[in-house]
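# Chains, contacts and geometry: an overview
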Amino acid sequence: MIPYNRPFIGGKELSNIAQAVIKYGHISGDGVFTKRCQAWLQETLGCPRALLTHSCTAALEMAAILCDIQPGDEVIMPSYTFVSTANAFVLRGGVPVFVDIRPDTLNMDETLLEEAITPRTKAIVPVHYAGVPCAMDEINAIAKEYKLFVIEDAAQALLSKYKGRFLGTLGHMGTLSFHETKNIISGEGGALLLNDERFAERAEILWEKGTNRKKFFRGEVDKYTWVDVGSSFLPSEIIAAFLHAQLEMTETIINKRCRLFDLYYSLLEPLARKEKIGLPWVENALDRTCPSNGHIFYIVTASLEERSALIEHLKTNGIHAVFHYIPLHSSPAGKKFGRTSGDLNFTTDLSDRVLRLPLFYEMAEEEVHGVVDRINEFYEKSDSGVSRLV
Ligand SMILES: *Cc1c(COP(=O)(O)O)cnc(C)c1O
């Protein structure tokens, strides 16, 4: 059986946890390992301030509070994303405004943003799907002109770059996920990246249940008290200890995933050339190199029916391939809380046709060959062809 994902444990996770428990004797939040993880993120990514959170969802919730989303405020985002991108803003009374994606990268189409802006618009949330960068220069320029916040949902994008800079550090804030399905994991986990120092003080207060506890520990105030809204956004040292072991292996993990991505790409290219399937966007189809952090490898089938048949064919052969997302604008909560701007034709069409193939750190190259053999076998029997992507 080849699973879609197999969480990778590097080896130091459990001894780190033992250190947190026995050596440091501190297992609530904001201890040695939390500080090490935050320092790693700040130094590696080049961002002024990083705060660990329970999840990317929690980091998005903090971001929504930090940009002071009020009931009725609009937040522009793709519909082709995970629910938390929208939910974090809906919790503050915000209204998600869904725009279509580009058919090449499956990222928010930046040319649709201006049309979606109204006097109530407060923020734009680009989601870097599969770790592939959104058009950040264009998005940031529009945000600047209309005085909007940019919050990058970089849940899938740790260590991916846009024009030499790390994703999550290009907007006002960025959010990361360390959920077990992502490249670098701590079971559940996340981080908020603050790219503008002016958010840091309030962010620390929100993080610590609305208290000025961090100022107190730094000796800046003589008692700590309730000063703002907030929640318990900080994870335990047990999580941070686990995460630190993973962060130290980030480059190794991502390099391997990118090699597997490249292998899939080159093996599936003949099928794409025959227009049987579509392949993910790469920077330059000639060098076919992974344009991201190798988070997801997907193919695009001709139709929903073909995708279902291919999933079934792979399953019969012990291979687990999956799809996502049900577009948010067509989900019950999306209809209730959000609205659309323009038609969402690419979102609707591609969400029926994207198929994600197994990709995980410990996957063997022979397993990639095995998956591709089964896909080729399927298309030998089928005479369908994918309508060209663009
Ligand atoms: C995984 C994911 C999230 C949620 O991350 P959690 O850490 O599970 O909260 C949010 N947005 C996107 C795009 C994701 O892929």
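Residues numbered from 1 in each chain as written. Predicted model: local features only at pLDDT ≥ 70, side-chain atom pairs only at ≥ 80, totals over all residues. Heavy atoms only, no water.

### Points about the environment of Val 322
Tracing the chain through its elements places Val 322 in the loop between helix H11 (304-316) and helix H12 (332-337). A sequence separation of 29 residues divides Val 322 from Asn 293, and the C-alpha atoms of the two residues are 19 Å apart. Excluding residues that lie within four positions of it along the chain, Val 322 makes contacts with Tyr 4, Leu 355 and Arg 356. (Helix = DSSP H or I, 4+ residues; strand = E, 2+ residues; numbered from the N terminus. Contact = heavy atoms within 4.5 Å.)

### Remarks on the packing of aromatic side chains
What the rule picks out here adds up to 12 aromatic pairs. Relative to Phe 217, the ring of Phe 216 lies with its centre 5.6 Å away and its plane at 55 degrees, an arrangement referred to as tilted. With a centroid separation of 5.0 Å and an interplanar angle of 70 degrees, the aromatic rings of Phe 261 and Phe 297 are classed as edge-to-face. Of the two residues, Phe 261 is situated in helix H10 (residues 250-273) and Phe 297 in the loop between H10 and strand S10 (298-300); the sequence distance between them amounts to 36 residues. (Phe/Tyr/Trp six-rings, centres within 6.5 Å; stacked < 30°, edge-to-face > 60°.)

### What to know about the pattern of salt bridges
If you walk through the whole model with that rule in mind, you get 20 salt bridges. A salt bridge links Asp 228 to Arg 202, with the shortest nitrogen-to-oxygen separation between them at 2.6 Å. Of this pair, Asp 228 sits in the loop between helix H8 (213-217) and helix H9 (237-247) while Arg 202 sits in helix H7 (residues 200-207), placing them 26 residues apart in sequence. When the shortest N-O distance is used, the salt bridge between Glu 204 and Arg 218 registers 3.0 Å. Of this pair, Glu 204 sits in helix H7 while Arg 218 is found in the loop between H8 and H9, placing the two residues 14 residues apart along the sequence. On the accessibility criterion, Glu 204 (7% relative accessible area) is buried. The class of Arg 218 is partly exposed, set by a relative accessible area of 45%. (Salt bridge = Lys/Arg side-chain N within 4 Å of Asp/Glu carboxyl O. Buried < 20%, exposed > 50% of the residue type's maximum accessible area, 1.4 Å probe, protein only.)

### Concerning unusual backbone geometry
Put simply, His 324 and Tyr 325 share a cis peptide bond, and its omega is -15 degrees. For Tyr 325, the position within the fold is in the loop between H11 and H12. Even without a glycine there, the phi angle at Lys 147 is positive, about 55 degrees. Here Lys 147 is to be found in the loop between helix H6 (136-146) and strand S5 (149-153).

### Overview of the site of the ligand
Not every one of the 15 residues close to the ligand is listed here, only the nearest: Thr 57, Asp 153, Gln 156, Ser 177 and Lys 182. At a separation of 2.7 Å, an oxygen atom of the ligand approaches a polar side-chain atom of Ser 177. Between the ligand and the protein, one listed contact pairs an oxygen atom with a side-chain N or O atom of Lys 182 at 3.3 Å. When the ligand sits alone it has 380 Å² of accessible area, and the protein chains cover 93% of it. Taking a 2 Å distance to the grid points as the criterion, the majority of the atoms of the ligand fall inside the largest pocket. Considered class by class, the residues forming the shell around the ligand number five nonpolar, eight polar and two charged. (Near = heavy atom within 4 Å. Polar contact = N/O pair within 3.5 Å; in protein donor to acceptor, adjacent residues only side chain to side chain. Areas by Shrake-Rupley, 256 points an atom, 1.4 Å probe, with all protein chains shown as cover. 1 Å grid on protein atoms, 1.4 Å probe; cavity = no way out; pocket = protein on both sides within 12 Å on 5 of 7 lines; lining within 4 Å. Sits in = over half its atoms within 2 Å of the grid points. Nonpolar A, V, L, I, M, F, W, Y, C, P; charged D, E, K, R; others polar.)

### What to know about the packing of helix H3 (residues 56-66) against helix H4 (residues 83-90)
The N-to-C vectors of H3 and H4 enclose an angle of 35 degrees; their axes lie 8 Å apart at closest approach. In this structure, H3 crosses over H4, and the sense of that crossing is right-handed. Contact residues: H3 offers Thr 57, Leu 60, Glu 61 and Ala 64, while H4 offers Ser 84, Thr 85, Ala 88 and Phe 89. Across the contact of H3 with H4, the residue classes tally to four nonpolar, three polar and one charged. (Axes fitted to C-alpha atoms, helices over the stretch in contact; angles between N-to-C directions. Left-handed = near helix turned anticlockwise from the far one by under 90°.)

### Structural notes on the domain arrangement of the protein
Here the domain parsing of the protein yields domain 1 (13-247) and domain 2 (250-380). The centre of domain 1, based on its C-alpha atoms, is set 26 Å off from the matching centre of domain 2. Counting residues at the interface gives 40 residues for domain 1 and 32 residues for domain 2. Buried area between domain 1 and domain 2, both sides added, is near 3,100 Å², and the carbon and sulfur share of it is 60%. Per-residue buried area on domain 1 facing domain 2 is highest for Tyr 80, Phe 98 and Asn 183; these three make up 22% of the total on that side. Put simply, domain 1 and domain 2 have one salt bridge between them. For the pair domain 1 and domain 2, the number of links is 21 residue pairs in polar contact (both at pLDDT 80 or more). (Domains from an automatic or database assignment. Buried area = accessible area lost by both parts, 1.4 Å probe.)

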